[in-house]
Amino acid sequence: MMSWKRDHLEAIRRAFGCKTFDTRQDLRIEIGRLLNENKTVHSISGPDNDYRFNPEATEAEVWKARVLSTIIPNSNKIILLVESNLDLLTSAEVGVVEQFRYHVKGLVLKHLDDQPLPNIRFPEAMNELAK
């Protein structure tokens, strides 16, 4: 029965794209790919660029579109990957992930729910997760 349950849970994870890994390095590679894509989008069109002084600038619209098409989906994938591989993280890393989760929820509130509430910045320690 335990074997069936474990296999069933693994099938569900695979169906939703939740991979489990044997090593921290494998987890890091997958998370790193998504974080790198988010970082690229943020550096090219993010709100820290010069257009921030003009919220009606075309670049602001590009950023909003990229948050919806790339940043939020990638961030949710990262959260799912981490949840499926918590056994590979330290307790300090789990705390960093919770900060990241809070940051992502803020992005969702702002960009999907039109609630422009203050948010925390991306926790830089995510860049070191599972290294």
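Our subject is the structure that appears above.
Residues numbered from 1 in each chain as written. Predicted model: local features only at pLDDT ≥ 70, side-chain atom pairs only at ≥ 80, totals over all residues. Heavy atoms only, no water.

**Q** How do you make sense of the environment of Arg101 when you look at a structure like this?
**A** Within the fold, Arg101 resides in helix H4 (residues 91-111). Its relative accessible area of 19% is what places Arg101 among the buried residues. For the pair Arg101 and Ile78, spaced 23 residues apart in the sequence, the C-alpha separation amounts to 9.5 Å. Leaving out residues up to four positions away in the same chain, Arg101 has contacts with Ile79 and Glu83. Within the local environment of Arg101, its side chain forms a polar contact with the side chain of Glu98, the two groups lying 3.1 Å apart. (Helix = DSSP H or I, 4+ residues; strand = E, 2+ residues; numbered from the N terminus. Buried < 20%, exposed > 50% of the residue type's maximum accessible area, 1.4 Å probe, protein only. Contact = heavy atoms within 4.5 Å. Polar contact = N/O pair within 3.5 Å; in protein donor to acceptor, adjacent residues only side chain to side chain.)

**Q** Help me out: how do you make sense of the packing of aromatic side chains in this one?
**A** Where two aromatic rings form a pair, the distance of their centres and the angle of their planes describe that pair. Overall, the coordinates contain one aromatic pair when judged by the stated rule. Ring geometry for Phe100 and Phe122: centres 6.0 Å apart, planes at 90 degrees, overall edge-to-face. With Phe100 in helix H4 and Phe122 in the segment after H4, this residue pair connects regions lying 22 residues apart in the sequence. Residue classification places Phe100 among the buried positions, given a relative accessible area of 1%. The class for Phe122 is partly exposed, based on a relative accessible area of 25%. (Phe/Tyr/Trp six-rings, centres within 6.5 Å; stacked < 30°, edge-to-face > 60°.)

**Q** Explanation requested: helix H3 (residues 58-84) in the structure shown.
**A** Two residues of an α-helix separated by three or four positions point the same way, owing to the 3.6 residues in each turn. Its 27 residues give H3 an end-to-end C-alpha distance of 38 Å, which sits within 8% of 39 Å, the value for a rise of 1.5 Å per residue. The largest bend along H3 measures about 45 degrees and falls at Val67. (Expected span 1.5 Å × (residues − 1). Bend = angle between axes of the 7 residues up to and from the residue.)

**Q** Would you mind showing me how to read the environment of Gly46 here?
**A** Of note, Gly46 is situated in the loop between helix H2 (24-45) and H3. Take Gly46: its relative accessible area is 0%, and that puts it in the buried class. If near-sequence neighbours (up to four positions away) are discounted, Gly46 is found in contact with Val41, Tyr51 and Trp63.

**Q** What's the story with the nonpolar core in this structure? I'm lost.
**A** Generally speaking, soluble globular proteins have nonpolar side chains that are buried together. Leu27, Ile31, Ile78, Val82, Leu89, Met126 and Leu129 are the most contacted members of the largest nonpolar core, which has 18 residues in total. Elements that contribute at least two residues to this core include exactly H2, H3 and H4. Core analysis: the next-biggest nonpolar cluster, separate from the first, contains nine residues, Tyr51, Ala60, Val67 and Ile71 among them. (Core = buried A, V, L, I, M, F, W, Y, C linked by side-chain atoms within 4.5 Å.)

**Q** Would you take a moment to explain the side chain of Ser75 for this structure?
**A** Looking at the secondary structure, you find Ser75 in helix H3. Of the residues examined, Ser75 reaches a relative accessible area of 2% and is grouped as buried. For Ser75, the residues in contact, after removing those within four places along its chain, are Asn38, Phe100 and Val104.

**Q** How should the pattern of salt bridges be read in this particular structure?
**A** Oppositely charged side chains can form a pair if their charged atoms are brought close together. For the structure shown, the criterion picks out eight salt bridges. We note a salt bridge from Arg121 to Asp48, for which the minimum N-O separation is 2.7 Å. One end of the pair, Arg121, is in the segment after H4; the other, Asp48, is in the loop between H2 and H3, and 73 residues separate them in sequence. (Salt bridge = Lys/Arg side-chain N within 4 Å of Asp/Glu carboxyl O.)

**Q** Sorry if this is basic, but what is going on with H4 here?
**A** Between the first and last C-alpha of H4 there are 30 Å, a value that for 21 residues agrees with the 30 Å anticipated at 1.5 Å per step. The complete set of buried residues in H4 reads Glu93, Val96, Val97, Phe100, Arg101, His103, Val104, Gly106, Leu107 and His111. Elements in contact with the buried residues of H4: H2 and H3.

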